[in-house]
Amino acid sequence: MRRTPLWYWRLAAWLLAGGPLLWLIWRVANGDLGPNPVEFLEHYSGDWSLRLLLATLAPTPLRLWTGRAEALGIRRLLGLWAFFWVCLHFAIYLTFDLEWSARLLGEDLVKRTYITIGFAAWLLLVPLAITSTRGWQRRLGPRWRRLHRLVYPAALLGAFHYLWLVKADVREPLIYLVILALLFGLRRFQPSRGSVSSGRRASSQKP
């Protein structure tokens, strides 16, 4: 099976993560944010935060089940974009809902469970973003891999943050939870190496 050039995957990652940002900038510039601009900004940024967190978890199951490892080269890029969207989501909430008041933030963390869960998810992602470079990977050695497993509970907390936030129609947050459960399951129940290898040989023999 012919390998897909890494720059194809990088281009796809930039389009996936940066395209929605350009679309958001265009809508802001044209005043096209609907009747409740703050709610739109919070939901839009939150949706893309969660989507990109899920996308960050996808390359490993893809490699395990298809034998295609090219997507592993964009995990860091997707992870940093996911962190950017999470920070944007948090900054919008701090700016428009709290006016950067530490007191109000503390009150929300105590009184609103979905805020507590979302804040915990953000805290878990902070050290992952800081240590995402090759230099940190060399410094931490085997601990780097263990540290970056925090992305799993962060994604789970992000999905529950959305579920807890929604008061009526929970279908969309449940879809994210199902996708997350599927990604976890594909990692947990791996195919045998022989089946993957045979699948790759069969694919390479196709005209």
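Treat the numbers as computed from the prediction; the structure is a model and nothing was measured.

**Let's talk about the pattern of salt bridges**
Applying the stated criterion to the full structure yields five salt bridges. Where Arg27 meets Asp32, a salt bridge forms, and the shortest distance between an N and an O atom there is 3.5 Å. With a relative accessible area of 17%, Arg27 lands in the buried category. Overall, the relative accessible area of 34% leaves Asp32 in the partly exposed class. Among the ionic pairs, Arg51 bridges to Glu172, the shortest N-O distance being 3.9 Å. Separated by 121 residues along the polypeptide, Arg51 in helix α2 (residues 37–57) and Glu172 in helix α10 (residues 171–188) bring together distant segments of the chain.

**A look at helix α9 (residues 151–165)**
Across its 15 residues, α9 extends 21 Å between first and last C-alpha, which sits within 8% of the 21 Å expected from 1.5 Å per residue. Among the residues of α9, Val151, Ala154, Ala155, Gly158, Ala159, His161 and Tyr162 are the ones counted as buried. An end-on view of α9 places all buried positions within 150 degrees of arc, on one side of the element. Each element contacted by the buried residues of α9 is listed here: α2, α4 (75–97), α6 (113–130) and α10.

**Here we look at the packing of helix α1 (residues 6–29) against α2**
Closest axis-to-axis distance for the α1/α2 pair is 11 Å, and the angle between their directions is 175 degrees. Here α1 lies roughly antiparallel to α2, going by the angle between them. Residues Leu16, Ala17, Pro20, Trp23, Leu24, Arg27 and Val28 of α1 form the contact with α2, whose participating residues are Phe40, Leu41, Tyr44, Trp48, Leu52 and Ala55.

**Here's the deal with the nonpolar core**
Grouped together as the largest cluster of nonpolar side chains are 35 residues, with contacts concentrated most on Leu52, Leu57, Leu78, Trp81, Trp85, Leu125 and Leu180. The greatest single-element share of this core, amounting to nine residues, is contributed by α2. The residues contacting Leu78, other than those within four sequence positions of it, are Ala13, Leu16, Leu52, Ala55 and Thr56. Phe90, Tyr93, Leu105 and Tyr114 belong to the second largest nonpolar core, which has seven residues in total.

**Concerning the packing of aromatic side chains**
Scanning the entire structure with this criterion turns up twelve aromatic pairs. Centroid distance Phe40 to Tyr44: 5.5 Å. Interplanar angle 25 degrees. Geometry classified as stacked. With Phe40 and Tyr44 both in helix α2, this residue pair falls four residues apart, about one helical turn. Given a relative accessible area of 12%, Tyr44 falls into the buried group. Taken together, Trp14, Phe40, Tyr44, Trp81, Phe84 and Trp85 form an aromatic cluster joined through their ring pairs. Positioned above the aromatic ring of Trp48, the side-chain terminus of Arg51 is 4.7 Å from the ring centre.

Scoring rules and cut-offs
Residues numbered from 1 in each chain as written. Predicted model: local features only at pLDDT ≥ 70, side-chain atom pairs only at ≥ 80, totals over all residues. Heavy atoms only, no water. Salt bridge = Lys/Arg side-chain N within 4 Å of Asp/Glu carboxyl O. Buried < 20%, exposed > 50% of the residue type's maximum accessible area, 1.4 Å probe, protein only. Helix = DSSP H or I, 4+ residues; strand = E, 2+ residues; numbered from the N terminus. Expected span 1.5 Å × (residues − 1). Arc of directions from axis to C-beta. Contact = heavy atoms within 4.5 Å. Axes fitted to C-alpha atoms, helices over the stretch in contact; angles between N-to-C directions. Parallel < 35°, antiparallel > 145°, perpendicular 65-115°, else oblique. Core = buried A, V, L, I, M, F, W, Y, C linked by side-chain atoms within 4.5 Å. Phe/Tyr/Trp six-rings, centres within 6.5 Å; stacked < 30°, edge-to-face > 60°. Lys NZ or Arg CZ within 6 Å of the ring centre and 35° of its normal.

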